[in-house]
Structure formats: structure tokens, C-alpha cells
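For reference, the chains in residue letters:
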Amino acid sequence: MTTSGSGVVTAVLGPTNTGKTYLAMDRMLGHATGMIGFPLRLLARENYDRVVRAKGAGAVALITGEEKIIPAAPRYYICTVESMPVDRDVAFLAVDEIQLAADVDRGHVFTDRLLHARGRIETMFLGAETIRPLIRKLVPGVQFVTRPRFSKLVYTGPKKLTRLPRRSAVVAFSVSEVYGIAELIRRHRGGAAVVMGALSPRTRNAQVSLYQNGDVDYMVATDAIGMGLNMDVDHVAFASTSKFDGHAPRALVATEMAQIAGRAGRHMNDGTFGVTADVPGIDPDIIARVESHEFPPLNALFWRNTDLRFTSVDALRSSLRIMPPMRGLTRPPPSEDQLILDAMLKDTAVYERARDPARIRMLWEVAQVPDFRKLKAEQHARLMIQVYTHLTENDEVLPEDWVAAQVARIDRTDGDIHALMDRIAATRVWTYISHRNAWLADALGWQERTRQIEDRLSDALHEKLTQQFVDRRTAHLVKRLRGDDVLDAAIADDGLVEVDGHRLGHLEGLRFRPDRTGLRTADRAVVNAAAAALRPVLALRTAAIVAAGDDAFSLDDQARLVWRNEAIAVLEPGSERLKPSIQILCDERLESTDRIRIETRLRVWLVAHIGAVLRPLVTATDVPTTAAVTASVRGIVFQLAENTGAVPRAAVEPQLMALSTPERETLARLGIRFGVDYVFMPALMKAAPIRLRGQLWIAAHRASADLTPALPPPGRVTFPAAPGTPESFMTGCGYRAIAGTAYRLDMLERFAAVARRLAREKVKVLPPVHLSLLGVSAEGAVPVLQALGFKAKVDETGLAFTPRRDRMAQRTRKGFAPPPVVTVRDDSPFAKLRALIPS
């Protein structure tokens, strides 16, 4: 590279979206050799790939602080500005974003390239109009080319985040703001890509691809979006108009706002910019400047001496503090590498080692290792002190085991977004170090390893960001809905419904259960997509249900009709307890004619099922009226039917008292028994009838019952009664709840009959074996006897009980003799059994 004034020097100036970079790349490729410096590693890599496609990999070198791809004889060098090899002789040379010479942190590097870097035939500086006066002053003979913006940029005012147009980028200036906005957009619009300066180039490119490919329509970014990212953005919304610049919070200046807003509108498409609804409006003067691309010129560029002296540490420090040689240049405050140098020299051992020019030069090179982790100078210096110490030992290379231990600590892909970002930043430090070939015995090996680690971490970070801020299903469906094509749905054997591999919900029997997101647009897409595929499937299911045999159907614990392990209908109150109505469980996708066919088939099955399981009760209700089957008989049968086979005796006592002997005999022949407390049908006290009786009760009370009671366990004489279980449910199932325990009515009546018989026979000892009828101990029998009308207690002699006076009078009226007091002695041969019988 020549540093003289030979060749043509051109400054191509203009706002964003003027094709400056495209022009420079085209000019470079028209020369035999060339070099271009970009402000970002991301931009360098993007344009390297472009030149490789045009000229082949053997003709192009990529040189950045963290990546070097240098073939044997490259003709073109694509670099970051800091990494441009200034000793190369090339025909063409260009520097992009030259106005960054006014940046307080990196400006001195751009200024050095502006003053000294030249191509042998042509030199081109690309940047904003604001630097024109200073270039004219500092670069004699320069030619200027003004590039107008291809599209207009218009301010549109504030908009709510949830009302932003598609293809919008929202700009915030803190990580917490970025995350909060991205989450809000995910909930309302399906998701957003996230772009921040702290992301690695690989992660940033992957997030940008999400946006560019249309997987999401929104991007949330920091001011990193303002440079190096060419995207199809139509609108830029500022979520803040101030930022922390590393020193203090301050308002954005017009040029910064223009750089960011300029991302809106690419090539010939106009763009807009504005603010979010909770941000005060932008100053009208700034709006006017951004729209017209007219800004005050820069006052000065930052300059730092590059002719450093390494004779001593003090000489190095002094040479870094030399004042600029001409007007228009200004010395920046101490930059990061100077702060790191000063922090390292506070270590006595480091200071002692830096005694000769070679060691001092090495110290300066180590201090220039970038702090990608963005720590304080003292913290980064601690690692650099270790690096410098190893490099000034006998071997003058970094020990392999030490480097391996340092790298191994960050070679992990677990943790949250922040942990991954921190590890990527740490990896970039080691990637930079690995490209100092003299510092490592196996530099190429470590370059490859750190690159692989950064790639793994970057992919993991991209996946984490996407998982957190993109609802892939919603974003995909919203994208597909914008087209005219029909969404194709697939239904798995288990009922899972998917569209293009995205889960939508389940087809349960005849109903579709969508997986709701709360996003109206996406939920509507789910419904529409499912409807396209479910109608033919439901038609096939209808045919299968209509053709199915009786063994294909059953009733579950909630009185729902089940087919193929899925509820397809529910029993609801009907005209009679034994004739419930059937409500098909379906939605609007099932045709009305198919609904009627299904209901007809299920009605046939249900009538047959009730007739088979509750045959004695159904038979009794169907007996025709005769001389023996009188209206009184039919009245009692009707009450039994409406209570599924059992009714408290008190409810029908007047009818029973009025029955004649033939009528009692008729009821007995129908299988109806008159107990002391209940009238019931013993034949319905088996497991299957009890289950169906409970299901019919649930159906009859579906609209009024707060909770659906649990059906009695099959084959149990007693079971714990759940608190709050309705008494009518217990009776309808054939049980009675006493003191928290449900007793089957037939066994309860048998127990009562035994007690009455023993009382009539004046038996003084009640053998405990009779307690086994209910599976209770003497203590457990006390509340049962009390509920049956006895006074009972357990004392030192055993269980003593006697009928209450009111019950004695009642039973006397019914023809019962009052029983004597009966005692169960503790010294009875059956006493030991009592301890074995659960209460």
C-alpha cells in the first residue's frame, strides 16, 4: 500500500441507502488487486462471501481481529478497518463509514486510514456528508461524489407497539428494554427477531434471517441496527430517544437518529420512522434534518500517534499522548488499550519484565487485545497480565494446558441468554489471541477450536432467543394466512392436528381442541387450518360410529358416551330418569345430518344398555296395568324408577299403608323389597347396576349439580363417603351415608333385621360375626345403630343398644315388638373378631 498522494482519491458521500458500498465493491473488482476496510466484522464477512462467489476462494483474503482466511496468493483483501494490512501494495483501496473518524473510541484508526492509506491507482472513502469539510482540509486533491438516497424517509409520529405495521424495526437502548418489547410483540404478533451489538456475528445473522425470510415481521434492536445490516425494513420505531454512551445518559443527536432511521426503506422503496406511543415526540428540527439528510459538519476527527516509541514504558506512554500535528484533528481521551496498559503496569512484576523494546512492544500488543466482555479495565487487565507473563517466560508462548483450561470453562452451551452471551464474548477474546500466531505453538489448532466453540455458542444463543421471543407456530400461520393457498392439516392416530409440522391441537372424538395462544390472528388461523382437514375426517368417523357394534360404546364416570376411548356424547336430563337425552359433543365442523345419524345410533345403544343392566327396574316399569298391577302399584314403581331403584320408605309410606295384600304380593313378584328405612330392589345391588344408577343420577342432575360425585367403587359393601356428596345420589346408587361411611342398602337392612330379631328374641349377646355384614367393629357399629333408631354405646361390658322410644312406637304401629336391650360381652368367644374388623 502506498502512502503517497499518487492515484485518484475519491470521497463518495451521502446518507444511508445510496449504494455507496455497492459502488466501492464494484470498483474494487474492476482492478487487479484491491482492499476494503469495513467498520464491522459482520460486514467484512458478508462482503468476503460476495467476492468469493465472484472471484473464487483462492483470490480473496478475509482479515479481521478474530478471523483470518488468507490463501496463498490473494488478490483482494476484505478487512475490518483496524485489521487492514497497511504494508500491502494494492491498486484499489477503500474505507467504509469514514465518518467514524469522529468516534471517540475508534476514530483515531479511521483517521489514520484517511491520512495514510492509499491504493496505487484509486482510493475511495465512503461516508456521510458531515465529514466533507474535514476531508477537503486533510486530503489534498480529493474528489467528491455525492450519492442521493434512492428512497424517501418520512416521519409518521407515534404508534402503539401492538399497532406497528409489518416489516417494522423497534429500536431500544438497553437489553431489558429490548427483551420486554420483544416479549410484547411475541404475545401480540407472533414474535420478533432480536439484534444487539453484544451478539456474535453468527447469531446476529441468524436473527436477521428470521426477519428477512418472513418468519417474523418485526425486529427489536439496539443501535447496532444502524450499521452493517441491510434489511427490508419499512418502518423504524424509536422506543427511546436517549441512550447511555458508556459514560453518561444523553439524547440522540440528529446524525445518530438518521443513521438508525435510515434502515427504513431499501433501494427504491420509501421508508418511515417514528416513535412508540410512550415516547415523547422527536424535536421538529431533528425530524427535518433526518428527512432532508442535512446535518452540521463535523468539527474535528480523533487522532492518535501511530509512530510509537518502545525504548521504555515511559517513552511509550509519552508517544501515545503526542498532540495532533494539524488543525481539524483532536486527541481522544485514553482509549481502551491505553487504560488496559496502565492497569497492567500497576503490577510490579509486569513493570519489571518490560525492560527492553521487544518486551515493551509485546506489552503493547497484549494491551490491545479487545475486551469483548466489556469489563472494567482492571478486570480485563488481570487476564492480560497472565497472558503477558506467559509470553515473557522462557518459551515465549502461551502454555497449551493453561489455554486449554481457560477455554474449557467457556465451552458449554447450557444456561440462559445472558450466560451464553458472556461465554461468546469470552470466546472472542481467545479467538483474537489465537490469531496472534507467534503467541501459540498450535495457533491454527486453537483458531479452529475457538471458532467451533463460538459457532456452537452462537447457535445455542440463536435458539434461545428464538424460543423466548418467537412463537414459531403463530409466526408461520400468520405468514401463511397472508397467502391465498389453503393450509394443509395432518391428523395423527392420537388425534394430534398439525399444519406444516406445527401443532394446532387435538381432535377428541368429534371435537377439535385448539392449542390457544391468546393471539386472535393466530387462533383464527388455527381454526381455519383445522377446518380444512377435519370435515372429511369427521365424515369418516360418523360412518364408523354408525356402523359400530354395541361393544364399541360405553359410559364413563361422568356419564359420557365413549367410543374408541374418546367421549363423543354426554347424557343430560330427559323426560324420565331411565330415558336421558343425548347431547353430541361436537362443533360446527360436524354436518347436521351426521349429527342426527350419530345421535340415532347412540340412542339405540343406550336403550339396550339400560334395558340389560337395569332389567328388573325396566321390566317393572313396562308391566301393563291389570287387576293386580293397580295405579298404586304403578305409582310406587314410578318413584323407584325416578330414583333408579331405591327410595326412602318415608317418601312412600302413605302409599305403602294403603296397599292391599295382593298389591304387596305384586310388588314382591316384581323384585321390590320393603325395608324398615328404604324400599329397594335387591337385584340392582350388584356392581354394574350400581354404576349405571350413578351415571343416570349424574345425567339427571348435570345442570344443577355443582360437582360430579364419584361413582361407588365396584363390589364394595362400604366405602368412605366424600364430604358433600348429595344424599339423593347415595340413595340412587343404593347406598346410605352414615358418619362418613357409605353402606349398601341391602346389607344395611340385613344388619337392621339381625338387630331387630335378636332384640325380639331377647338375646343378650350379639356375636361380633354379625358386625361383619357391614365390616364394622363394635365402635363403628354405634353410629349405624343410632341411625337405625337405636340407642347404642360401648362400655366395659361391650356394645349395649336399645330401640329409641319414638322408633319403638313406630315399629309397634307397623307390627314390630319393642326389642330388649342387647349386650355384646367383651368376654364373648367372638370378642377377638371385633379387633380384626375395620371400623
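This text follows the structure it describes.
Computed from a predicted structure; not experimentally measured.

Enquirer: Got a minute to help me understand the environment of K579 in this structure?
Expert: Checked against the element boundaries, K579 lands in strand β26 (residues 579-584). Under the relative-accessibility criterion, K579 is labelled partly exposed at 48%. Linking K579 and A544, residues 35 residues apart in sequence, is a C-alpha distance of 25 Å.

Enquirer: I keep staring at the nonpolar core and nothing clicks. Help me out?
Expert: Note on soluble globular proteins: their nonpolar side chains tend to be buried together. Counting residues in each nonpolar core, the largest one holds 70 residues, and the members touching the most others are M344, V366, M384, V387, L398, W430 and I433. It is helix α15 (residues 417-434) that contributes the most residues to this core, 10 residues altogether. Dropping the residues within four chain positions of it, L398 is found in contact with V387, H390, L391, V403, W430, I433, W439 and L440. L507, A530, L696 and F729 belong to the second-largest nonpolar core, a separate cluster that totals 65 residues.

Enquirer: Help me understand the pairing of β26 in this model?
Expert: It is a general feature of regular strands that their side chains alternate between the two faces of the sheet. Pairing analysis gives five bridges linking strand β25 (residues 566-576) to β26, with the strands arranged antiparallel. Looking at the pairing, A569 lines up with I584 of β26. Between the end of β25 and the start of β26, which pair antiparallel, lie two residues.

Enquirer: What exactly am I supposed to notice about the sheet that holds strand β8 (residues 143-146) here?
Expert: Within a sheet, adjacent strands bond to each other through the backbone by hydrogen bonds, running parallel or antiparallel. The strand order β4-β3-β5-β2-β6-β7-β1-β8 describes an open sheet built from eight strands, whose pairing is mixed. Edge positions in the open sheet fall to β4 (68-69) and β8, since each of these has one partner strand only. Bridging between strand β1 (residues 8-13) and strand β7 (residues 122-127) involves six bridges; their strand directions are parallel. Looking at the pairing, V9 lines up with T123 of β7.

Enquirer: What should I look at first to understand the packing of aromatic side chains in this one?
Expert: Under the defined criterion, the tally for this structure stands at six aromatic pairs. Relative to W605, the ring of F553 lies with its centre 6.2 Å away and its plane at 55°, an arrangement referred to as tilted. With a gap of 52 residues between them, F553 in strand β23 (residues 553-555) and W605 in helix α19 (residues 592-613) connect regions that are remote in the sequence. Geometrically, the ring pair formed by F719 and Y735 is edge-to-face, given 5.0 Å between the ring centres and 70° between the ring planes.

Enquirer: Is there a simple way to think about the sheet that holds strand β28 (residues 673-674) in this case?
Expert: Reading across the sheet, the three strands line up as β27-β29-β28 and stay open at both edges, with antiparallel pairing between neighbours. Of all the strands in the sheet, just β27 (646-648) and β28 have a single pairing partner and so form its edges. Pairing of β28 with strand β29 (residues 678-680) involves two bridges; the strand directions are antiparallel. The residue of β29 that forms the bridge with F674 is V679.

Enquirer: Whenever I open this one, unusual backbone geometry confuses me. Can you help?
Expert: Across the chain, the bulk of peptide bonds are trans and the bulk of non-glycine residues have phi less than zero. Of note, A559 is a non-glycine position whose phi angle comes to about 60°, a positive value. Tracing the chain through its elements places A559 in the loop between β23 and β24 (560-563). The buried category is assigned to A559, whose relative accessible area is 0%. The backbone phi angle of N565 is positive, close to 65°, even though this residue is not glycine.

Enquirer: Even after reading the chapter, I still don't get the side chain of R577, so can you show me in this structure?
Expert: Of note, R577 is situated in the loop between β25 and β26. One buried charged residue, R577, remains without a salt bridge, the closest side chain of opposite sign being E642 at 5.2 Å. Filtering out sequence-adjacent residues up to four positions away, R577 remains in contact with A641, E642, N643, T644, L696, W697, A700 and H701.

Enquirer: What is the right way to look at the pattern of salt bridges in this model?
Expert: Where side chains of opposite charge bring their charged atoms close, a pairing between them can arise. What the rule picks out here adds up to 41 salt bridges. A salt bridge links E66 to R41; the nearest nitrogen and oxygen atoms lie 2.8 Å apart. Here E66, found in the loop between β3 (60-63) and β4, pairs with R41, found in helix α2 (residues 41-55); they are 25 residues apart in sequence, far enough to count as distant. With relative accessibility at 6%, the residue E66 sits in the buried group. The salt bridge involving R45 is made with E67; its shortest N-O contact spans 2.4 Å. Of this pair, R45 sits in helix α2 while E67 sits in the loop between β3 and β4, placing them 22 residues apart in sequence.

Enquirer: Looking at this model, I keep getting lost on the side chain of T203. Mind explaining?
Expert: When you line up the elements, T203 lands in helix α6 (residues 201-212). There is a polar contact of 3.0 Å between the side chain of T203 and the backbone oxygen of S458.

Enquirer: It is not clear to me how the packing of helix α9 (residues 313-320) against helix α10 (residues 336-345) should be interpreted in this structure. Could you clarify?
Expert: Packed helices, taken two at a time, are described by their axes: the angle between them and the distance between them. Where α9 contacts α10, the two axes come as close as 12 Å, and the packing angle between them is 160°. By the angle between their axes, α9 is roughly antiparallel relative to α10. Note on packing geometry: the crossing formed by α9 with α10 is left-handed. For the pair α9 and α10, contact is made by V313, L316, R317 and L320 and by Q338, L341, D342 and L345, respectively. Split by residue class, the contact of α9 with α10 holds five nonpolar, one polar and two charged.

Rules behind the numbers
Residues numbered from 1 in each chain as written. Predicted model: local features only at pLDDT ≥ 70, side-chain atom pairs only at ≥ 80, totals over all residues. Heavy atoms only, no water. Helix = DSSP H or I, 4+ residues; strand = E, 2+ residues; numbered from the N terminus. Buried < 20%, exposed > 50% of the residue type's maximum accessible area, 1.4 Å probe, protein only. Core = buried A, V, L, I, M, F, W, Y, C linked by side-chain atoms within 4.5 Å. Contact = heavy atoms within 4.5 Å. Pairing = 2+ DSSP bridges. Phe/Tyr/Trp six-rings, centres within 6.5 Å; stacked < 30°, edge-to-face > 60°. Lys, Arg positive; Asp, Glu negative; His and termini not counted. Salt bridge = Lys/Arg side-chain N within 4 Å of Asp/Glu carboxyl O. Polar contact = N/O pair within 3.5 Å; in protein donor to acceptor, adjacent residues only side chain to side chain. Axes fitted to C-alpha atoms, helices over the stretch in contact; angles between N-to-C directions. Parallel < 35°, antiparallel > 145°, perpendicular 65-115°, else oblique. Left-handed = near helix turned anticlockwise from the far one by under 90°. Nonpolar A, V, L, I, M, F, W, Y, C, P; charged D, E, K, R; others polar.

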